[in-house]
Amino acid sequence: EGGGTGIGSTADQFNFASQSVSGDTTVVARVASLTNIDAGAQAGVMIRETSSVGSIFAAVEITANNGVEFLRRTTTDGSTSSSTAGAIVSPEWVKIVRSGSSFSGYYSSDGSTWTQVGSTETVSMSSSALAGLAVSANNNDHFAKAQFDNVSIGGVSQTAALFENDSVHRMLTVNTLNN
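For clarity, every value in this text was computed on a predicted model and none was experimentally measured.

1. Re the overall build of the chain
Secondary structure assignment for the chain yields 2 helices and 12 strands. Along the chain, helices and strands appear, N-terminal first, in the series β-β-β-β-β-β-β-β-β-β-β-β-α-α. A buried classification covers 50% of the 179 residues belonging to the chain. For the chain, the share of sequence-separated contacts (at least 6 apart) that also reach a separation of at least 24 residues comes to 64%. Carbon and sulfur atoms form 43% of the exposed surface of the chain, whose accessible area is close to 7500 Å².

The structure is reproduced here in structure tokens:
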């Protein structure tokens, strides 16, 4: 579940289950469902430099009514840019790929044939980052609930351990991101 006002603008409010990664990495997941109150509710995969609200990041999100978005913030506390592929709803696969400072976002209906969202973007991010699953209600008064499966970070299949093992668990809550 994720509350918060959304992922974007110059500061983010969302829930993030993540683990530390270093260097090139790919994060893949199928957003099996997204239950929401707000049309802008988001669920997907993200690579983020830090847990601060204005952190540099790149993400691919399924939204409740706005299709798939490839989001990126290229400077700390800077504006967020997006590319959108409309009329796509869950269940859908999403993938973010980092190769050096190049980030690309993709979606797929079957997890095999991928369509790129927008173009590859340069995001100068520290080699050490956080990678995982993000959910936001896009409305601070409600929670969106997303169900993920087929999660892979850096080519390693993730299980419930991502959420249960304290050594790899980081949940950024609305309260944490507001601090």
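So much for the structure itself; the text now carries on.
2. Here we look at the sheet that holds strand β5 (residues 68–73)
Taken together, the 6 strands give an open sheet; going across it, the order is β1-β10-β3-β4-β5-β6, and neighbouring strands pair in antiparallel fashion. The two strands at the open ends of the sheet, each matched to only one other strand, are β1 (15–22) and β6 (80–85). On average, each strand axis in the sheet is inclined to that of its neighbour by 15°, with strand direction left out of account. Pairing between strand β3 (residues 42–48) and strand β4 (residues 57–63): 7 bridges, direction antiparallel. Bridging across to β4, Q42 finds its partner in T63.

3. Overview of the packing of aromatic side chains
What the rule picks out here adds up to 2 aromatic pairs. Here the aromatic rings of W93 and W114 are separated by 6.4 Å at their centres, their planes lie at 90°, and the arrangement is edge-to-face. Linking W93 in strand β7 (residues 92–99) with W114 in the loop between β8 (102–108) and β9 (115–122), this pair joins segments that are 21 residues apart in sequence. Given a relative accessible area of 14%, W93 falls into the buried group.

Calculation criteria
- Residues numbered from 1 in each chain as written.
- Predicted model: local features only at pLDDT ≥ 70, side-chain atom pairs only at ≥ 80, totals over all residues.
- Heavy atoms only, no water.
- Helix = DSSP H or I, 4+ residues; strand = E, 2+ residues; numbered from the N terminus.
- Buried < 20%, exposed > 50% of the residue type's maximum accessible area, 1.4 Å probe, protein only.
- Contact = heavy atoms within 4.5 Å.
- Areas by Shrake-Rupley, 256 points an atom, 1.4 Å probe, with all protein chains shown as cover.
- Pairing = 2+ DSSP bridges.
- Axes fitted to C-alpha atoms, helices over the stretch in contact; angles between N-to-C directions.
- Phe/Tyr/Trp six-rings, centres within 6.5 Å; stacked < 30°, edge-to-face > 60°.

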